[in-house]
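Given next are the chains, with one letter for each unit.
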Amino acid sequence: TINWSTTLVNTQGSSPGITHTSDGGYYVTGAAPFDGPAATPYLAKLSSTGVLLWGYHYSSYTTDEGYRTARSAGTGYSVRETSDGGAIVAGWYNELGGSPYLYLGKMSSNGILQWNCTYGEANTVPGDLTVIQAADGGYVVASYGWREDAQHNPESYGWLLKTTSGGSVQWSLELPVYYYRANANSLIQTDDGGYLVVGTTVSPDGYARPYLAKVDS
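Residues numbered from 1 in each chain as written. Predicted model: local features only at pLDDT ≥ 70, side-chain atom pairs only at ≥ 80, totals over all residues. Heavy atoms only, no water.

Trainee: When you look at the confidence of the model for the chain in this model, what are you seeing that I'm missing?
Mentor: Detailed reading of predicted coordinates is not advised where the pLDDT is low. Looking at the chain as a whole, its pLDDT mean stands at 81, while 77% of the residues score no less than 70. When mean pLDDT is taken per element in the chain, strand E11 (residues 130-133) scores highest with 94 and strand E6 (residues 68-70) scores lowest with 46. Long-range and interchain partners of residues 61-70, a stretch whose pLDDT sits below 50, account for 27 contacts in this model, where long-range means more than four residues apart. (pLDDT = per-residue confidence, 0-100. Helix = DSSP H or I, 4+ residues; strand = E, 2+ residues; numbered from the N terminus. Contact = heavy atoms within 4.5 Å.)

See the structure below:
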């Protein structure tokens, strides 16, 4: 039995990220059109019955070097409720025709943007990714990036990023690549304060295999 269904207006593409909220509602993230045909990350808050309470377009961001910049393409992939009842959104953002950067946006519970920022170099290409809130109030993202190996072949690697509660970078870690391709797309915090990361690695014969890595805090 279907209890309810709804469509989010003024959005486009998929909404790959959803999480339940402590008040019984939901946060949903994806992409929405902004300033023409381009899409930007979008966050919606729904009630327990699917009523749209508010929606927000992330139309600009601050780089990790501190520059405030307007951009014109991106999407949200992962969303989590934060300890204050707000939301943290992870996705990607870039100029049209440019290279994407990892993106984080922090919202209050009533839809007010508190901060947002991009991270990484131009070869960082977030795809499947996950964001969690750490025990210290900061945030950890599992994603991946691209680079060239010694023979100038494309090689992906798992990537972890840890920020403070305000979005400042605390540390960034590239995970070891056992074959020529790897990613990190899910993680949990462990009892010792570290993190267990899950992803996949692809061997030269084309077979994908589960990939796990344990890192400290």
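Trainee: What should I look at first to understand the pattern of salt bridges in this one?
Mentor: Should the charged atoms of two oppositely charged side chains come close, the side chains can pair. The full count for this structure, using the stated rule, is 4 salt bridges. The salt bridge involving Lys 106 is made with Asp 84; its shortest N-O contact spans 3.1 Å. Placement of the pair is Lys 106 in strand E9 (residues 101-107) and Asp 84 in the loop between strand E7 (73-81) and strand E8 (87-94), with a sequence separation of 22 residues. Across the pair Lys 214 and Asp 192 runs a salt bridge whose closest N-O atoms are separated by 3.1 Å. One end of the pair, Lys 214, is in strand E18 (residues 208-215); the other, Asp 192, is in the loop between strand E16 (186-189) and strand E17 (195-202), with 22 residues separating them in the sequence. (Salt bridge = Lys/Arg side-chain N within 4 Å of Asp/Glu carboxyl O.)

Trainee: For this particular structure, what's the right way to read the side chain of Ser 108?
Mentor: Within the secondary structure, Ser 108 sits in the loop between E9 and strand E10 (113-119). The class for Ser 108 is buried, based on a relative accessible area of 11%. (Buried < 20%, exposed > 50% of the residue type's maximum accessible area, 1.4 Å probe, protein only.)

Trainee: Sorry if this is basic, but what is going on with the nonpolar core here?
Mentor: The nonpolar side chains of a soluble globular protein tend to be buried, and buried together. Counting 14 residues, the largest nonpolar core has Ile 88, Leu 102, Leu 104, Trp 115, Tyr 119, Val 131 and Trp 159 as the members making the most contacts within it. Secondary-structure elements contributing two or more residues to this core are E8, E9, E10, strand E12 (139-148) and strand E13 (154-163). Core analysis: the second largest hydrophobic core is formed by 13 residues, Tyr 195, Val 197, Tyr 211 and Ala 213 among them. (Core = buried A, V, L, I, M, F, W, Y, C linked by side-chain atoms within 4.5 Å.)

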